[in-house]
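# Results of the structural survey
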Amino acid sequence: VQLQASGGGLVQAGGSLRLSCAASGRTSIGWFRQAPGKEREFVAAITWSGSKTYYTNTLQGRFTISRDNAKNTVYLQMDSLKPEDTAVYYCAVSLSNIWDVGGVDYWGKGTLVTVSS
């Protein structure tokens with residue numbers, strides 16, 4: 001499985017960004033993030049078919065995960081961004097669909113999102 005995240009950057013609070021994860025293989029894909037000085041945490045995940053999505057409760061509906069299997073790409077649309085969303089964002093594969101750090105089998109390189117106040 002190969003994963004490559006992209007789309008990070010600098011955005012003002014209240015703005016939006018869309019992250020992309022180019023992914024090989026027919027698997028569920030998840031997004032995690034790691035803020036400075038904090039542990040890596042689960043953000044969202046989506047099944048191969050796209051029929052099921054999972055989100056951490058803390059997002060309050062601001063983020064949306066989706067995928068385009070024709071392009072082998074999973075997206076994370078992030079709206080109403082807050083400074084506390086600043087983190088390195090990683091896409092990941094959990095073959096067991098256990099969406100915590102310990103359940104991940106493959107990690108992609110991260111992409112940095114910085115939200116200024």
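Scroll up for the structure.
Residues numbered from 1 in each chain as written. Predicted model: local features only at pLDDT ≥ 70, side-chain atom pairs only at ≥ 80, totals over all residues. Heavy atoms only, no water.

### What about a nonpolar patch on the surface?
On the surface, Val1, Leu95 and Tyr106 cluster together into a nonpolar patch covering about 270 Å² of accessible area. Tracing the sequence through the fold places tyrosine 106 in strand β10 (residues 106–107). (Patch = residues over 30% accessible without salt bridge, like charges linked within 9 Å, V, L, I, M, F, W, Y side chains within 5 Å. Areas by Shrake-Rupley, 256 points an atom, 1.4 Å probe, with all protein chains shown as cover. Salt bridge = Lys/Arg side-chain N within 4 Å of Asp/Glu carboxyl O. Helix = DSSP H or I, 4+ residues; strand = E, 2+ residues; numbered from the N terminus.)

### With respect to the side chain of aspartate 85
Inspection of the secondary structure assignment puts aspartate 85 in the loop between β8 (73–78) and β9 (87–93). Relative accessible area serves as the criterion here: at 1%, aspartate 85 is assigned to the buried category. Side chain to side chain, aspartate 85 and arginine 62 meet in a polar contact 2.7 Å long. Setting aside anything within four residues of it in sequence, one finds aspartate 85 in contact with Arg33, Arg62, Phe63, Ser80, Val113 and Val115. (Buried < 20%, exposed > 50% of the residue type's maximum accessible area, 1.4 Å probe, protein only. Polar contact = N/O pair within 3.5 Å; in protein donor to acceptor, adjacent residues only side chain to side chain. Contact = heavy atoms within 4.5 Å.)

### Considering unusual backbone geometry
For asparagine 72, which is not glycine, the phi dihedral falls at a positive 50 degrees. Assignment of secondary structure puts asparagine 72 in the loop between β7 (63–68) and β8. One non-glycine residue with positive phi stands out, namely serine 80, at about 50 degrees. With respect to the helices and strands, the residue serine 80 is situated in the loop between β8 and β9. Serine 80 gets classed as partly exposed once you look at its relative accessible area, which sits at 42%.

### Topic: the packing of aromatic side chains
For the structure shown, the criterion picks out five aromatic pairs. Ring geometry for phenylalanine 32 and tryptophan 99: centres 6.4 Å apart, planes at 45 degrees, overall tilted. Of this pair, phenylalanine 32 sits in strand β4 (residues 29–34) while tryptophan 99 sits in the loop between β9 and β10, and the two are 67 residues apart along the sequence. We note that phenylalanine 32, like tryptophan 99, is buried. Relative to tryptophan 107, the ring of tyrosine 90 has its centre 6.1 Å away and its plane inclined at 80 degrees; by these criteria the two rings are edge-to-face. Taken together, the positions of tyrosine 90 in strand β9 and tryptophan 107 in strand β10 put the pair 17 residues apart, joining distant regions of the chain. Site record: aromatic cluster; members linked through ring pairs are Phe32, Phe42, Tyr90, Trp99 and Trp107. (Phe/Tyr/Trp six-rings, centres within 6.5 Å; stacked < 30°, edge-to-face > 60°.)

No statement about biological role is implied by the geometric values presented.
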